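Observations on the three-dimensional arrangement
In case you want the letters, here they are:
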Amino acid sequence: MASDAPTAAPRTSNIAVRRGEPLVVIEHVDKHFGDLHVLKDIDTVVNRGEVVVVIGPSGSGKSTLCRAINRLETIDSGRIVIDGEPLPEEGKELARLRADVGMVFQSFNLFAHKTVLENVTLGPMRVRGMKRKDADERAMQLLERVGVANQAEKMPNQLSGGQQQRVAIARSLAMNPKLILMDEPTSALDPEMINEVLDVMVGLAGDGMTMIVVTHEMGFARKAADRVLFMADGAIVEEAPPERFFTNPTSDRAKDFLSKILEH
């Protein structure tokens, strides 16, 4: 058990042993798309309240890993355990797990025919059985939190991309998830809209939300991550706290990646 002393986290294999109880345990996960080996023997643990940022070049397996954690992608072998329960393959157990694991996509995925408020209340009412009055009240609190409460009665196509993504985050939060997965949440946004979404994400991190975030936003990784996972060619090449990763990467692959992105 790790102590409270501010020392480097002890390590077992390439699994960082950190304070807090494990929420997501990924063991020896492999995945192929045809002949392409997209996830290679992935081993890592994410603890409650931890923010893990997954970075790496395009095609390195980041999004596939993110989507495998709530079984939007199946895996060929290995094991994923969430809150002590192995990832179900299908049926009600899988639906229950997905209710506990929020997902924010790069393309927002809001229901175009429903208002902002309806988008946020739909899950709690249908899945959690929440009454409309309570769901509306909770949704408005969350829309206020992400800065779009004044857009509640609008349709998604009346909002900017940054506003839509903040609604998508509020929709995830409305389910009171144990974990939020974010797959490139800012990559579809215009540059001026990125910060408004990143600010919300930094706030969630500060509140102790467990998050796994696939992103190219190195500033967010430096500011909000407890740990950076660097992936290349389907494998976790390196994992470290952000200060150590960005200032003193140990692998040549990470050094090469950082030299290309940090000089621009």
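The protein chain carries the name Amino acid ABC transporter ATP-binding protein in an unreviewed UniProt entry, which gives Microbacterium invictum as its organism. Listed in UniProt under the heading Subcellular location (unreviewed entry), the comment for the protein chain reads: "Cell membrane". The Sequence similarities (unreviewed entry) comment attached to the protein chain in UniProt states, word for word, "Belongs to the ABC transporter superfamily."

**Regarding the overall build of the protein chain**
Helix and strand counts for the protein chain stand at nine helices and twelve strands. Here the protein chain has a C-alpha radius of gyration of 18 Å; the compact-globule value for 264 residues is 18 Å, and the two agree. Here the protein chain, with 264 residues, has 50% of them falling under the buried criterion. Of the accessible surface of the protein chain, which amounts to about 12800 Å², a share of 48% is contributed by carbon and sulfur atoms.

**Structural notes on empty space enclosed by the protein**
A probe as big as a water molecule, rolled over the atoms, marks out the empty space that is left. The tally for this structure, following the rule as stated, stands at one cavity of 30 Å³ or more. There is about 40 Å³ of room inside the largest cavity. Lining of the largest cavity is provided by Ile26, Thr44, Val46, Val52, Val54, Leu65, Ile69, Ile212 and Leu229. Elements with a contribution of two residues or more to the lining of the largest cavity: strand S4 (36–47) and strand S5 (51–55). Classifying every residue of the lining of the largest cavity by side-chain character gives eight nonpolar, one polar and no charged.

**Brief notes about helix H5 (residues 161–173)**
Look at H5: 19 Å from first C-alpha to last across 13 residues, which is about the 18 Å you get at 1.5 Å a residue. Where burial is concerned, most of H5 is hidden: 13 out of the 13 residues are buried.

**So, the packing of helix H4 (residues 132–145) against H5**
As a packed pair, H4 and H5 sit with axes 9 Å apart at the nearest point and diverge in direction by 135 degrees. Classified by the interaxial angle, the pair formed by H4 and H5 is oblique. Here H4 runs over H5; the crossing is right-handed. Contacts from Arg138, Leu142, Leu143 and Arg145 of H4 reach H5 at Val167, Ala170 and Leu173.

Quick notes on the rules
- Residues numbered from 1 in each chain as written.
- Predicted model: local features only at pLDDT ≥ 70, side-chain atom pairs only at ≥ 80, totals over all residues.
- Heavy atoms only, no water.
- UniProt positions renumbered as here; feature names shortened; annotations may be inferred.
- Helix = DSSP H or I, 4+ residues; strand = E, 2+ residues; numbered from the N terminus.
- Rg over C-alpha atoms; globule rule 2.2 N^0.38 Å.
- Buried < 20%, exposed > 50% of the residue type's maximum accessible area, 1.4 Å probe, protein only.
- Areas by Shrake-Rupley, 256 points an atom, 1.4 Å probe, with all protein chains shown as cover.
- 1 Å grid on protein atoms, 1.4 Å probe; cavity = no way out; pocket = protein on both sides within 12 Å on 5 of 7 lines; lining within 4 Å.
- Points joined across faces, edges and corners; volume = space filled by probe spheres on them.
- Nonpolar A, V, L, I, M, F, W, Y, C, P; charged D, E, K, R; others polar.
- Expected span 1.5 Å × (residues − 1).
- Axes fitted to C-alpha atoms, helices over the stretch in contact; angles between N-to-C directions.
- Parallel < 35°, antiparallel > 145°, perpendicular 65-115°, else oblique.
- Left-handed = near helix turned anticlockwise from the far one by under 90°.
- Contact = heavy atoms within 4.5 Å.

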